[in-house]
Amino acid sequence: MSNGTQREQWGSKMGFVLAAAGSAVGLGNIWRFPYITGQNGGAAFVLLYVALVFVIGFSVMLAEIAIGRHAQLNAVGAFRKIKGGAWPIVGWMGVIAGFIILSYYGVIAGWTMAYIVKSFTGLMDAAKAGTAADFFVGFITNPGAVIAWQAAFMFLTIFIVYKGIGGGIEKYCKVLMPALFLILLVLIVRAVTLPGAGAGIEFYLKPDFSKLTTGALGAALGQAFFSLSLGMGCMITYGSYLGKKEILPGAAIQVCFIDTAVAFLAGLVIFPAVFAFALEPGAGPGLTFITLPNVFAQMPGGMVWSALFFLLLFVAALTSAISLLEVVAAYFIDEMKWSRTKAAFIMGGIIFLLGIPSVLGISGAIPKLAGRDFLDSADFIASNVLLPLGGIFIALFVGWFWTDGAKQEVDNNGAVPFSLYVPWLWVCRVVAPLAIAYILITGLKW
Ligand code: PFF
């Protein structure tokens, strides 16, 4: 609903948790987490990641939801309404991060759509012939095809955002999230029983702390923020559609838990397969698209499994992309008084165009920036700089500048005491800002 007469709301707390989990669970868990883990040495990185999720990630998530529910506004409007001054800049940074992330997110999500179709048209043959990597590179360096898939994906995203909050998303997530979980479980069984899988399990689960670099710290934090959809006001926006009686800490912990479980399970599929097929765990963004077809090709009915997997990856990406566009759209709807239709189509269209350089960078039409192609650069700037920076200010805001209001939100005006309130407050006040700032300053390795 525009113009604040009657703001739309989730049907239930479960609806919110599923939508927020739908936002959190996406390409970040299944595509990004395994390759970032692979690039950063495996198990020790996973431990560091989980610790960051539950200490810093959870705290920032609760802070964001509290701000959103209190203000009942988009990320910029929420800061303006609660405190004003320079604070709305934090929301603004979030809107910009939303533009940047969705621009390349739509490209990768387009790959997943293409792979649904390709599962039936040559992907399995390529995998059986040992050429899944060439098949993948051949596809992503063909800008015409990739842009067409990106356009299709962006159109769907725009369409759902234009349709509004309630209706589809909740119902949709309730069925599709458990389905994703089930498929992952089946794939784990196949992957861990592949001959040679043991080395992958060891790489993934047996920590070797000598592999942890300061770069790994930054990567783990960036991944935590990206995966949990934090630092850019997404949870502020989603929290703004939440009713006053819902209990926030429980919802935040559930979202963190679901998100981490899905990422963890995705790694249990990918790493055994990477090692079984003698691929390189640090191979980068192609990892999922190259390793998994090899696994599917070894399964009876492989093409169906493959199509199903990429379908679910596509759905996970869609529920995240919706939330990215919603951050941007909610700003134009609340603050600029645009209609939802105008906000969704115009901003979605601009974001689609912004994604095209990412496509062209991969095909070599745009040169790399000091070793990173355009997509990788956009991802680095958003995930490793903008999101953590947003996280610092959100934590400081709740910890020092809006403490009483935040307390009332997290314990529903004293009605439902939050047992971890004091530790949470100090994480927001000191631990999160210092840790994030330290990691940002020391760990930013281009
Ligand atoms: N959390 C999503 C993922 O893991 O794929 C990506 C994302 C969505 C990041 C929404 C940020 C955001 F606001």
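Read on for a plain summary of the structure. Just so it is clear, the model here is predicted, and its values are computed rather than measured. (Residues numbered from 1 in each chain as written. Predicted model: local features only at pLDDT ≥ 70, side-chain atom pairs only at ≥ 80, totals over all residues. Heavy atoms only, no water.)

To continue, consider the site of the ligand. As a structural note, the neighbourhood of the ligand is formed by 15 residues, with Ala24, Gly28, Tyr105, Phe226 and Ser229 the closest of them. Within the contact set of the ligand, a nitrogen atom lies 2.9 Å away from a side-chain nitrogen or oxygen of serine 229. When the ligand is considered free in solution it has 340 Å² of accessible area, and contact with the protein chains removes 100% of it. In this structure the site holding the ligand corresponds to the largest cavity. The residue makeup of the shell around the ligand, split by class, is seven nonpolar, eight polar and no charged. (Near = heavy atom within 4 Å. Polar contact = N/O pair within 3.5 Å; in protein donor to acceptor, adjacent residues only side chain to side chain. Areas by Shrake-Rupley, 256 points an atom, 1.4 Å probe, with all protein chains shown as cover. 1 Å grid on protein atoms, 1.4 Å probe; cavity = no way out; pocket = protein on both sides within 12 Å on 5 of 7 lines; lining within 4 Å. Sits in = over half its atoms within 2 Å of the grid points. Nonpolar A, V, L, I, M, F, W, Y, C, P; charged D, E, K, R; others polar.)

In this section: the pattern of salt bridges. Pairing of side chains with opposite charge becomes possible as their charged atoms draw close. Within the structure shown, the criterion is met by eight salt bridges. The partner of aspartate 379 in a salt bridge is arginine 32, and the shortest N-O contact between them spans 3.1 Å. With aspartate 379 in helix α17 (residues 374-401) and arginine 32 in helix α2 (residues 27-39), this pair connects stretches of sequence that are 347 residues apart. The exposure class of aspartate 379 is buried, given its relative accessible area of 3%. Note on arginine 32: relative accessible area 2%, which makes it buried. With its nearest N and O atoms 3.6 Å apart, the salt bridge here joins aspartate 376 to arginine 372. A relative accessible area of 23% places aspartate 376 in the partly exposed class. Taking relative accessible area as the criterion, arginine 372 reaches 16% and is therefore assigned buried. Here the salt bridges do not stand alone but share partners, grouping Arg69, Lys244 and Glu409 into one network. (Salt bridge = Lys/Arg side-chain N within 4 Å of Asp/Glu carboxyl O. Helix = DSSP H or I, 4+ residues; strand = E, 2+ residues; numbered from the N terminus. Buried < 20%, exposed > 50% of the residue type's maximum accessible area, 1.4 Å probe, protein only.)

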